[in-house]
Amino acid sequence: MDSRNEVRDFLASRRARITPQQAGLPVYGGNRRVPGLRREEVAMLAGVSVDYYIRLERGNLSGVSDSVLEALVRALQLDDAERAHLFDLARAAGPGGAVHRARRSAPKVRPGLQRMLDAMTDAPAIIRDGRMDVVAANRLGRAMYWPVYQSPRPAGRPPNIARFQFLDPAGPGFFPEWNTAADITVALMRTEAGRDPYDKVLTDLIGELCTRSDDFRTRWARHNVRRHHAGTKTFHHPAVGDLVLDYESIDLAADGGLNMTVYTANPDSSSHDALRLLASWAATLDDDARTNDAARGDGRPRRAPGRSPGPRA
């Protein structure tokens, strides 16, 4: 991706959302040609010259100091995720920013992490990367994300939540609160693109989604970013029905770029009962997989759960 365009569009989009009143500025007259702050108003709030701010908004962040970036954070009222994104964009624009960092096409999860996942027998858990690839899961996690595992994807690529959400007809059914889920996915991908704008696999995925999905393209143009650490999600699973689950999402410090998400249900809820049913369904899938492996006689493990015995009536 073109880092200068990313900087320009991000700063312009943040400037457009803040009114003079929100910034504590007086408003003279009723005719303003921009929806938010003017460039000169941002420059004044940040304590820089208008010419210098115009240079920054044209995408030239090379050599900009941390103090100036912090001044922009305050002037544009950026949250923590937006602040981190601005600093990522500045690093990409700096000397050596265009040097491609070595990235694995499909990150491999350490055996210790997989054992930790497998030890969680009562809670679905997955590990994903910034591209929204599901790179590991425990048994309940694979069962819960079964529609994503079954969704078509390029050969050799792991299941991808974004591709499923925006390109698979089953996506909106699996995510009942689809608009919110879609907003979050795109914001997370935009955050990852700021961290590594030279990740070709991510760039190709974004290009594919922008080309094939109007919904993705519209959201991508908003330049929203976010951090994703805790909350509640709603799913509609084809085998067990509705699931309303709390989640905790943890960035894995020892495994750069990977994030683990664990889902739990209120013990007195119908979703808790549905998780128990999901565990039974997952066991059925395991039995089917072992039977199919034995029939083939090659002993090769299956990469994903098998076909569903059918959704719950």
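Right, let's walk through the structure included here. Everything numeric here is computed off the predicted structure, so don't read it as measured data. (Residues numbered from 1 in each chain as written. Predicted model: local features only at pLDDT ≥ 70, side-chain atom pairs only at ≥ 80, totals over all residues. Heavy atoms only, no water.)

### Comments concerning the overall build of the protein
- For the protein, the count of helices and strands is 15 helices and five strands.
- Out of the 313 residues in the protein, the part that is buried amounts to 47%.
- Carbon together with sulfur atoms contributes 50% to the accessible area of the protein, which is approximately 15,700 Å² in total. (Helix = DSSP H or I, 4+ residues; strand = E, 2+ residues; numbered from the N terminus. Buried < 20%, exposed > 50% of the residue type's maximum accessible area, 1.4 Å probe, protein only. Areas by Shrake-Rupley, 256 points an atom, 1.4 Å probe, with all protein chains shown as cover.)

### What to know about empty space enclosed by the protein
- Counting across every chain of the model gives one cavity of 30 Å³ or more.
- Of the voids in this model, the largest cavity is the one considered here, and its volume is about 30 Å³.
- Residue lining of the largest cavity: Val148, Ser151, Pro152, Arg153, Pro159, Asn160, Arg163 and Phe164, and that is the complete set.
- The residue makeup of the lining of the largest cavity, split by class, is four nonpolar, two polar and two charged. (1 Å grid on protein atoms, 1.4 Å probe; cavity = no way out; pocket = protein on both sides within 12 Å on 5 of 7 lines; lining within 4 Å. Points joined across faces, edges and corners; volume = space filled by probe spheres on them. Nonpolar A, V, L, I, M, F, W, Y, C, P; charged D, E, K, R; others polar.)

### What about the pairing of strand S5 (residues 258–264)?
- Most of S5 is tucked away, with six of its seven residues classed as buried.
- In terms of strand pairing, strand S1 (residues 125–129) meets S5 through five bridges, oriented antiparallel. The residue bridging Ile127 from the neighbouring strand is Met260, located in S5. (Pairing = 2+ DSSP bridges.)

### Focus on the nonpolar core
- Within the largest apolar cluster, 47 residues are counted, with the highest numbers of intra-cluster contacts made by Tyr145, Met189, Phe216 and Phe235.
- Ranked by residue count, the leading element in this core is helix H12 (residues 178–195), at eight residues.
- Of all hydrophobic cores here, the second largest spans 27 residues; its members include Phe10, Ala46, Val64 and Leu78. (Core = buried A, V, L, I, M, F, W, Y, C linked by side-chain atoms within 4.5 Å.)

### Looking at the pattern of salt bridges
- This model, assessed by the stated rule, comprises 21 salt bridges.
- The shortest N-O distance in the salt bridge between Glu70 and Arg83 comes to 2.4 Å. With Glu70 in helix H5 (residues 66–75) and Arg83 in helix H6 (residues 80–93), this residue pair connects regions lying 13 residues apart in the sequence.
- Under the relative-accessibility criterion, Glu70 is labelled partly exposed at 23%.
- Linked by salt bridges that have partners in common, Asp183, Asp215, Arg219 and Arg222 make up one network. (Salt bridge = Lys/Arg side-chain N within 4 Å of Asp/Glu carboxyl O.)

### Focus on the packing of helix H1 (residues 3–16) against helix H4 (residues 50–57)
- Packing of H1 against H4 leaves a shortest axis separation of 8 Å and a crossing angle of 120°. Classified by the interaxial angle, the pair formed by H1 and H4 is oblique. Every residue of H4 that contacts H1 at Val7, Arg8, Leu11, Ala12 and Arg15 is listed here: Tyr53, Leu56 and Glu57.
- When the residues that make up the contact of H1 with H4 are grouped by side-chain class, the tally is five nonpolar, no polar and three charged. (Axes fitted to C-alpha atoms, helices over the stretch in contact; angles between N-to-C directions. Parallel < 35°, antiparallel > 145°, perpendicular 65-115°, else oblique. Contact = heavy atoms within 4.5 Å.)

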